[in-house]
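Residue-level structure breakdown
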Amino acid sequence: MKYVFPTIATLLLTLTGCQNHSGNQTAINSPAASQPVATASPAGTPASEASVAGKSADELKATPSGLQYQDLVVGDGPKPLFGQTVSVHYTGRFQNGQQFESSLGGRPISFKLGMDSIIKGWHIGIGGDGGKTIEAMRVGGKRKLILPPELAYGKEGNGKIPPNATLIFEVELVGIKKASAFGM
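A short tour of the structure in this document, coming up.

How each quantity is defined
Residues numbered from 1 in each chain as written. Predicted model: local features only at pLDDT ≥ 70, side-chain atom pairs only at ≥ 80, totals over all residues. Heavy atoms only, no water. Phe/Tyr/Trp six-rings, centres within 6.5 Å; stacked < 30°, edge-to-face > 60°. Helix = DSSP H or I, 4+ residues; strand = E, 2+ residues; numbered from the N terminus. Buried < 20%, exposed > 50% of the residue type's maximum accessible area, 1.4 Å probe, protein only.

**Overview of the packing of aromatic side chains**
Taken as a whole and assessed by the stated rule, the structure comprises 5 aromatic pairs. When the ring of Y90 is compared with that of W122, the centres are 5.2 Å apart and the planes differ by 65°; the resulting orientation is edge-to-face. With Y90 in strand β3 (residues 85-94) and W122 in helix α2 (residues 120-127), the pair connects residues that are 32 residues apart, well separated along the chain. Look at Y90 and you get buried, because its relative accessible area is 1%. W122 sits in the buried class, given a relative accessible area of 1%. On the basis of an interplanar angle of 45° and a centroid distance of 4.8 Å, the ring pair of F94 and F100 is categorised as tilted. Residue F94 is classed as buried on the basis of its relative accessible area, which comes to 15%. On the basis of relative accessibility, which here comes to 7%, the residue F100 falls in the buried class. Three or more aromatic residues joined by ring pairs make a cluster, and in this case those are Y90, F94, F100, F111, W122 and F169.

And the structure:
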């Protein structure tokens, strides 16, 4: 299965209706997004005693799938569920630090967790794995994801992504679209 990596143009066409927990869209660099948010401490310190935004207290962790992640900011909003549409700001980089894509300065990308053809590492890294090794993010949270090729674009690559590339993303969960009573 080949995954589609959205371009900024695709983002502009596909993003409508995603809201954060307060009912508004929040850009990653808006004043509301830069307010201090407690993060989890690697030593198990309660969130209220942990660091604030911009100062990570969490260490890089790995899942059995090869995904590595680090919570940069733990959000205080709801966690998304399988099948819900999430809205995410992101910046993607190669291992050498070169940026290949970003939604910053534009609109966030939206996709259905576990259902849309976004790379597998995003589904796991944002939506979690049922709490076995990685929890779902909360709205307002920022997470660094390091995806091995198997969770990104694999042997084929995709456009400017070469084959067998390990990709590094910084993602911020900015919203979850509320489902209608009719599942639409």
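From this point, the discussion proceeds with the structure in view.
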